[in-house]
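One-letter residues, chain by chain:
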Amino acid sequence: MSITSSSLPHAWRENPSVDLLRRDGDAWTYSMELLPISATPDEWSAIRLPECAAWCYPIAPRDELFLMYHVYAWMFALDLLFVRTFKADRDLAGARAMVDRLPLFMPLDGTARTMPEPENPIERSLADIWLRLAPTRSTAWKRDMLKAQMEYADGQCWELECIRNGRIPDPAEYLVRRRGSYGGPVGVCLAEHVAGAEVPVRVRRSRPFRALMDAWTDIQALHNDIRSYRREVEDEDETCNSVLVFARFLELTIDQAAASVTRLRTARLSEYEHLETTQLPELCDQLRLDNEDREQVAAVMKALRDHLTGFHVWQDSATRYQAPAPGQGSSKRLGS
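Residues numbered from 1 in each chain as written. Predicted model: local features only at pLDDT ≥ 70, side-chain atom pairs only at ≥ 80, totals over all residues. Heavy atoms only, no water.

**With respect to the overall build of the protein chain**
What counts here: Helix and strand definitions follow DSSP, with helices as H or I runs of at least four residues and strands as E runs of at least two, each counted in order from the N terminus. The buried label applies to any residue whose accessible area, calculated with a 1.4 Å probe on protein chains only, is under 20% of its type's maximum; exposed applies above 50%, and partly exposed to all values in between. The criterion used for residue contact is that any of the two residues' heavy atoms lie within 4.5 Å.
When you go through the protein chain residue by residue, the secondary structure sums to 16 helices and 0 strands. The buried share among the 336 residues of the protein chain stands at 55%. The contacts in the protein chain between residues at least 6 apart in sequence include a share of 76% that link residues at least 24 apart.

**As for the side chain of T217**
Under the convention used in this document: Polar contact criterion, stated in full: a pair of N or O atoms within 3.5 Å, where within protein one must be able to donate a hydrogen and the other to accept it, and residues adjacent in sequence count only if both atoms are side-chain atoms.
In this fold, T217 is placed in helix α13 (residues 207-235). Using a relative accessible area of 2% as the deciding quantity, one classes T217 as buried. A polar contact of 3.0 Å, which involves the side chain of T217, links it to the backbone oxygen of M213. Apart from residues lying up to four places away in sequence, T217 is in contact with R179, Y182, G184 and P185.

**Focus on the packing of helix α9 (residues 139-165) against helix α11 (residues 184-195)**
Convention followed: Here an angle of 0 to 180 degrees is reported between the N-to-C directions of two axes, which are lines fitted to C-alpha atoms, with helices fitted over the stretch in contact. A clockwise turn of the near helix away from the far one marks a right-handed crossing, whereas an anticlockwise turn of less than a right angle marks a left-handed crossing. Under the scheme applied, nonpolar residues are Ala, Val, Leu, Ile, Met, Phe, Trp, Tyr, Cys and Pro; charged residues are Asp, Glu, Lys and Arg; polar residues are all the others, including Gly.
Between α9 and α11, the least distance of the axes is 8 Å, while the angle of their chain directions is 145 degrees. Taken as a pair, α9 and α11 cross one another with a handedness that is left-handed. Facing α9, whose interface residues are W141, D144, M145, A148, Q149 and E151, α11 presents P185, V186, C189, L190, E192 and H193. Looking at side-chain class alone, the contact of α9 with α11 contains 7 nonpolar, 2 polar and 3 charged residues.

**Brief notes about the pattern of salt bridges**
Which entries qualify depends on this criterion: Any Lys or Arg side-chain nitrogen found within 4 Å of a carboxyl oxygen on Asp or Glu counts as a salt bridge.
The final tally for this structure, using the stated rule, is 28 salt bridges. The salt bridge involving D144 is made with R204; its shortest N-O contact spans 3.5 Å. Remark: R204 occurs in helix α12 (residues 201-204) and D144 occurs in helix α9; sequence separation between them is 60 residues. The residues D144 and R204 share a single accessibility class, namely buried.

**Looking at the state of the cysteines**
Structurally, a disulfide amounts to a covalent bond that connects the sulfur atoms of two cysteines. Operational definition: Two cysteine sulfur atoms form a disulfide, by the criterion used here, when they sit within 2.5 Å.
This model, assessed by the stated rule, comprises 0 disulfides. Here C56 is not cross-linked by a disulfide; its sulfur's nearest cysteine counterpart is in C52, at 4.2 Å. For C56, a relative accessible area of 1% puts it in the buried group.

**Overview of the packing of aromatic side chains**
The condition that has to hold: Only Phe, Tyr and Trp rings take part, Trp by its six-membered ring, and two of them pair if their centres are within 6.5 Å. Stacked means planes under 30 degrees apart, edge-to-face means over 60, and tilted covers everything else.
Throughout the structure, instances matching the rule amount to 7 aromatic pairs. Where Y182 meets F311, the ring centres are 6.4 Å apart and the plane angle is 90 degrees; that geometry is what we call edge-to-face. With Y182 in helix α10 (residues 171-182) and F311 in helix α16 (residues 291-317), this pair connects stretches of sequence that are 129 residues apart. On the basis of relative accessibility, which here comes to 19%, the residue Y182 falls in the buried class.

**A look at the layout of surface pockets**
Using the following cut-off: Each cavity reported here is a set of points on a 1 Å grid over the protein atoms alone in which a 1.4 Å probe fits but cannot get out, each pocket an open set with protein on both sides within 12 Å along at least five of seven lines, and each lining residue one with an atom within 4 Å of a point. Grid points are joined across faces, edges and corners, and a volume is the space filled by probe spheres set on the points.
In this structure, the largest pocket spans a volume of roughly 770 Å³. In terms of lining, the largest pocket is formed by 43 residues, of which the most central are F76, D79, N224, R320 and Y321. Mapped onto the lining of the largest pocket, the elements with two or more residues apiece are α5 (49-56), α6 (62-89), α9, α10, α11, α13 and α16. Considered class by class, the residues forming the lining of the largest pocket number 16 nonpolar, 13 polar and 14 charged. Contributions of two or more residues to the lining of the second largest pocket are made by α9, α10, α11 and α13. Ranked by the residues each element gives to the lining of the second largest pocket, the list is headed by α9, at 6 residues. Among the residues forming the lining of the second largest pocket, the class breakdown is 5 nonpolar, 5 polar and 10 charged.

**Some thoughts on the confidence of the model for the protein chain**
Our working definition: Values of pLDDT, ranging from 0 to 100, describe the predictor's confidence in every residue of the model.
Confidence in the prediction of the protein chain, expressed as mean pLDDT, is 89, and 86% of residues score 70 or more. Predicted confidence for residues 4-12 stays below pLDDT 50, and this span has 16 contacts to residues more than four positions away or in other chains.

**Here's the deal with α9**
Test applied: In a helix, the anticipated span is given by 1.5 Å times the number of residues less one.
Here α9 is 27 residues long and its end C-alpha atoms lie 38 Å apart, about the 39 Å a rise of 1.5 Å per residue gives. In the segment just after α9, G166 is the residue with positive phi, at about 60 degrees.

**Digging into the environment of R132**
As for its placement among the helices and strands, R132 is situated in helix α8 (residues 121-133). Since its relative accessible area comes to 32%, R132 is described here as partly exposed. A polar atom in the side chain of R132 sits 2.9 Å from the side chain of H70.

**A short note on the packing of α5 against α6**
Stated precisely, the cut-off is as follows: Oblique is the label for every angle not falling under 35 degrees (roughly parallel), over 145 degrees (roughly antiparallel), or within 65 to 115 degrees (roughly perpendicular).
Contact geometry of α5 with α6 gives a least axis separation of 9 Å together with a crossing angle of 130 degrees. As summarised for this structure, α5 and α6 are arranged oblique, according to the angle between their axes. For the element pair α5 and α6, the recorded crossing hand is right-handed. Between α5 and α6, the contacting residues are L49, P50, C52, A53 and A54 on the first element and L65, Y69, Y72, A73 and F76 on the second. Here the contact of α5 with α6 is built from residues that sort into 10 nonpolar, no polar and no charged.

The structure is reproduced here in structure tokens:
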């Protein structure tokens, strides 16, 4: 499985949905009042979120594509809000108070009946998104999505706590917690939504599929850490970045640490391919899945592969990630 720009068809890269999202997406962001509290228009444009959504979900129908864009807009807005406010002010109490209210806007019945009145744009937009995501989904999916969104939001608090304490997590803690703070479990739920399918619960809860989800997330999160290192660590005082983690605990230069992260990412990609092509089919046989369940699994796996390819091309092209990555500049050693 290739995840380079050369593997992305020209027609895919020129997806006309990008222009639709550009025209309507910014208007939606402003109308939901997400942009003013989290980023300037130039900062938002640098993310190239329309390209991200269109490339990661190339076969999604128009309304579904807009929904995926809106989920991503909410996630980026929350991330940028943390950088500008809670992380800048080291305000863990304020961050925790906001995050603790988020489940109120993701009720498992999928309706607004039990939702309180939103107090801020983050809550208002989350309520809107949830009411569009949930109606066609099973209770199991809604539980998984709720858990995934809370792991993402809680992960922002974990990063803030590390910044406040000046603590660089060890590699084992980092890799586990980063999967949530990066939003990998959210991405798996979105792949199911776009595919119009759900991985059967007994498959989703199995060790091979959980390992596959972890590898899928690591491939993207580790790449993100390298591309984001300069901005996160040097400009935003972030301590939760795998390059910094490896440099500190393995006593490497930043360039050496980036090379180690790249090797780990390559290993995780190999593990993902093995899980997808060997262990997952074996699991389906062991569980004696019928044709319908196998089709559900296959549809989700197709959506996950599309996402990996689209993500890689998007992040290598978005202005937000164009600062020189480690290995392209000066090198220094971090270690005790």
